[in-house]
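If you want the building blocks of each chain, they are given just below.
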Protein chains: 2
Amino acid sequence: MANYTKTTIGNENRYELHEALSLTGAEISLNRLPAGAGVPFVHAHKNNEEIYGILSGRGYVLIDGESVNIKAGDWLRIAPAAKRQFSAASDEGISFVCIQVKENSLGGFTKDDAIIC
Amino acid sequence: MANYTKTTIGNENRYELHEALSLTGAEISLNRLPAGAGVPFVHAHKNNEEIYGILSGRGYVLIDGESVNIKAGDWLRIAPAAKRQFSAASDEGISFVCIQVKENSLGGFTKDDAIIC
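Everything numeric in this text was worked out from a predicted model, so none of it was measured.

Rules used in this analysis
Residues numbered from 1 in each chain as written. Chains lettered and ligands numbered in written order. Predicted model: local features only at pLDDT ≥ 70, side-chain atom pairs only at ≥ 80, totals over all residues. Heavy atoms only, no water. Helix = DSSP H or I, 4+ residues; strand = E, 2+ residues; numbered from the N terminus. Buried < 20%, exposed > 50% of the residue type's maximum accessible area, 1.4 Å probe, protein only. Contact = heavy atoms within 4.5 Å. Areas by Shrake-Rupley, 256 points an atom, 1.4 Å probe, with all protein chains shown as cover. Lys, Arg positive; Asp, Glu negative; His and termini not counted. Charge placed at Lys NZ, Arg CZ, Asp CG, Glu CD. Least-squares fit on C-alpha atoms with pLDDT ≥ 70 in both. Buried area = accessible area lost by both parts, 1.4 Å probe. Salt bridge = Lys/Arg side-chain N within 4 Å of Asp/Glu carboxyl O. Nonpolar A, V, L, I, M, F, W, Y, C, P; charged D, E, K, R; others polar. Pairing = 2+ DSSP bridges.

1. Structural notes on the overall build of chain A
Working step 1: Secondary structure summary: chain A contains one helix and ten strands in total.
Working step 2: When the elements of chain A are put in sequence order from the N terminus, they spell out β-β-α-β-β-β-β-β-β-β-β.
Working step 3: Once the C-alpha set of chain A is aligned to its principal axes, its extents read approximately 50 × 30 × 25 Å.
Working step 4: Out of the 117 residues belonging to chain A, those deemed buried represent 50%.
Working step 5: Sequence separation of 24 or more characterises 62% of the internal contacts of chain A that already satisfy a separation of 6 or more.
Working step 6: Total accessible area computed for chain A in this model is approximately 5,200 Å², and 48% of it derives from carbon and sulfur atoms.
Working step 7: Taking the average location of the 11 positive side-chain charges in chain A and that of its 14 negative ones, the two points are 0 Å from each other.

In structure tokens form, the structure reads like this:
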């Protein structure tokens, strides 16, 4: 495995990084929804937790039937079994990053995993 | 574990999400470096791959001694053993997200892990 891989996001509505960067511990997607649009299905996961970061705009996410308002700067963890569906606001689009990782997969991190060179 | 957790990033120079969101599969940090500043040490990892997404501004990262220019929209995977050090440009700051996950920890994902409800 090369010591690093790099890609550049353009103006795609969805860009998946797993293959582009040869990721082995996560799938990461960049997503845009225009004003009034929503993901057209509700989904959950078997084993993966998802972390969502709102990069611009605002909207809402239904999580197990609860509507949660979201705006730029908000970050959420959603448990695997939770049923989720993201939508942009009616008058403003939204862009967000979705990070998919296996629940309970992280061992040590930061000070416990880093080596200062 | 609750079905979701949520937090909001303010204007901190560094914000760590692991505890704030009770993450179990990743550590995620939001980072800002002003123009001319750099992380004051070089580091590598034992077991974790890191994925960096540049959210605004520009700068460069030294990876095993190679200088790689980075700007908003760029995403990189850096292998655990690679020695890395991030800096802002001399005349412009940079903000980036750093996602730390255990190398080779992801099993199925997206279509192989999602359940359409």
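So that's the structure; there's more coming.
2. Some points on the relation of the copies chain A and chain B
Working step 1: Screw-axis analysis of chain A against chain B gives a translation of 0.0 Å along the axis, an RMSD of 0.0 Å, and a rotation angle of 180°. The superposition operator between the copies reduces to a two-fold rotation axis. Closest approach to the rotation axis among the C-alpha atoms of chain A is made by A:S105, whose C-alpha sits 3.1 Å away.
Working step 2: When you check the interface residues of chain A against chain B, 100% turn up at the interface there too, and the contact is symmetric in its surfaces.

3. Looking at the interface of chain A and chain B
Working step 1: Between chain A and chain B, the residue contacts involve 64 residues of the former and 64 residues of the latter.
Working step 2: Carbon and sulfur atoms supply 58% of the area that chain A and chain B bury against each other, a total of about 5,500 Å² over both sides.
Working step 3: Together, A:Y4, A:W75 and A:R77 form the three largest contributors to the area buried by chain A at its contact with chain B, with a combined 14%.
Working step 4: Between chain A and chain B we count two salt bridges in total.
Working step 5: With a closest N to O distance of 3.6 Å, B:K6 and A:D74 form a salt bridge.
Working step 6: Its residues placed into classes, the side of chain A that touches chain B shows 31 nonpolar, 19 polar and 14 charged.

4. Describing the pairing of strand β6 (residues 66-71) of chain B
Residues and elements named next belong to chain B.
Working step 1: Pairing between strand β5 (residues 48-63) and β6: six bridges, direction antiparallel. Note that in β6 the partner of L62 across the bridge is S67.
Working step 2: Counted along the chain from β5 to the antiparallel partner β6, the turn is two residues long, and its residue D64 has a positive phi close to 50°.

Everything listed is a geometric property; what it means functionally is a separate question.
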